[in-house]
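# What the coordinates show
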Amino acid sequence: MKINIVGVGKVTTAISFNLKDKVDIGYIVSRDLNKAKKLSDELGKGIPVTYNDNFKFEDIVLVGLNDSILPDSVDLIKNFVSEGNTVIHFSGFHPSTIFPKEWNPASIHPNCPVLGKMTSFKDIVFGIEGNTKIAKEIVKLLGGKYFEIPSESKVLYHLSAVLMSNFPLALVYLAEKFYKNANLPHEMFLEVMESLLKTTIENVKKNGTLNSITGPIYREDVDIVNVEMEIFCSTFPELCNLFDGFIQIILSMKEEKESESS
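These notes cover the structure that comes with them. (Residues numbered from 1 in each chain as written. Predicted model: local features only at pLDDT ≥ 70, side-chain atom pairs only at ≥ 80, totals over all residues. Heavy atoms only, no water.)

Along an α-helix, residues three or four positions apart point the same way, because every turn accommodates 3.6 residues. Taking 1.5 Å per residue, 14 residues should reach 20 Å; helix H8 (residues 222-235) reaches 20 Å between its end C-alpha atoms and fits that length. Of the surrounding secondary structure, the elements contacted by the buried residues of H8 are helix H5 (154-181), helix H7 (216-219) and helix H9 (240-261). (Helix = DSSP H or I, 4+ residues; strand = E, 2+ residues; numbered from the N terminus. Expected span 1.5 Å × (residues − 1). Contact = heavy atoms within 4.5 Å.)

Before going further, it helps to spend a moment on the sheet that holds strand E1 (residues 2-6). Here we have eight strands laid out as an open sheet, ordered E3-E2-E1-E4-E5-E6-E7-E8, and mixed in their pairing. The two strands at the open ends of the sheet, each matched to only one other strand, are strand E3 (47-49) and strand E8 (145-148). Neighbour-to-neighbour, the strand axes of the sheet open up by a mean angle of 25 degrees, direction not taken into account. Strands strand E2 (24-29) and E3 of the sheet are contacted by helix H2 (residues 33-43), whose axis makes an angle of about 170 degrees with E3. Contacts from H5 reach strand E5 (86-89), strand E6 (106-110), strand E7 (125-130) and E8, with the element oriented near 15 degrees to E6. (Pairing = 2+ DSSP bridges. Axes fitted to C-alpha atoms, helices over the stretch in contact; angles between N-to-C directions.)

Moving on, we get to the environment of glycine 127. As for its placement among the helices and strands, glycine 127 is situated in strand E7. Residues glycine 127 and glutamate 191, spaced 64 residues apart in sequence, show a C-alpha to C-alpha distance of 31 Å. Among residues more than four places away in sequence, those in contact with glycine 127 are Ser107, Ile108, His109, Asn111, Phe147, Ile149 and Tyr157.

So, on to a nonpolar patch on the surface. Side chains of Leu156, Leu159, Leu163 and Phe167 sit close together on the surface and give an oily, nonpolar patch of about 420 Å² of accessible area. With relative accessibility at 43%, the residue leucine 163 sits in the partly exposed group. (Patch = residues over 30% accessible without salt bridge, like charges linked within 9 Å, V, L, I, M, F, W, Y side chains within 5 Å. Areas by Shrake-Rupley, 256 points an atom, 1.4 Å probe, with all protein chains shown as cover. Salt bridge = Lys/Arg side-chain N within 4 Å of Asp/Glu carboxyl O. Buried < 20%, exposed > 50% of the residue type's maximum accessible area, 1.4 Å probe, protein only.)

With that settled, consider the pairing of E8. Regular strands show a simple pattern: their side chains alternate between the two faces of the sheet. Taken together, the four bridges between E7 and E8 define a ladder with parallel strand orientation. Paired with phenylalanine 126 across the strands is tyrosine 146, a residue of E8. With helix H4 (residues 132-142) bridging E7 and its parallel neighbour E8, the resulting β-α-β unit is right-handed. (Right-handed = clockwise from strand over helix to strand, strands pointing away.)

Here we take up the state of the cysteines. As enumerated under the stated definition, the model contains one disulfide in all. The partner cysteine of cysteine 233 in its disulfide is cysteine 240, sulfur to sulfur 2.0 Å. Between cysteine 233 and cysteine 240, the disulfide has an S-S torsion of 75 degrees and is therefore right-handed. Here cysteine 233 falls in the buried class, since its relative accessible area comes to 15%. (Disulfide = S-S within 2.5 Å.)

Structural data, given as structure tokens:
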């Protein structure tokens, strides 16, 4: 298997480092030739080129451009794509159908933060669609797991991933602020964070989401909720509606749980 890289970013860098000893690497394409050369040097393989060069891809093309410009990449790379190529992108939002059918397209979306070459994909779950035969082979080479997504479901799938990944990180950031304000050790924060998040995940897997609700809002300890809401709103006045929004979500979960139990 030979892979070609289009766009030198965190995802394509991570993917290429995880695959470099398992596949051949052809062209590494970037607007900035220095970026392509740097990745080629670090990998010890690959031919650095720009979109102004004259070449043709062989085998598999991995496109790592941002979601905002990904649909425009068809015009960007069409002169380099040959018959028999499989063109793959890594977006969780866009389906593989943004690429022409004759490109045998697929999408492979890792459900994890990707920070660059140090990222490991071992046991990471990928959402795949399109040409799933090739997508499955690549995920297996990466040491990951996969499930197939209907193309028309990509937006809802991606929104769910954002809610589970990005939003909790924002809440962890806010929680960390309160530890700092209370002069509590950061090491303590990290241990408590890990304990709480790990237990929450285990509870959801074992008991389901609705049966895992706990805390003062669920118990309707109004005095405690009011005191903590006042502290939150005085610390983050611009986010006061966020706290109230989560109260409403938890109360609606409680109502749904009780409705199912009756």
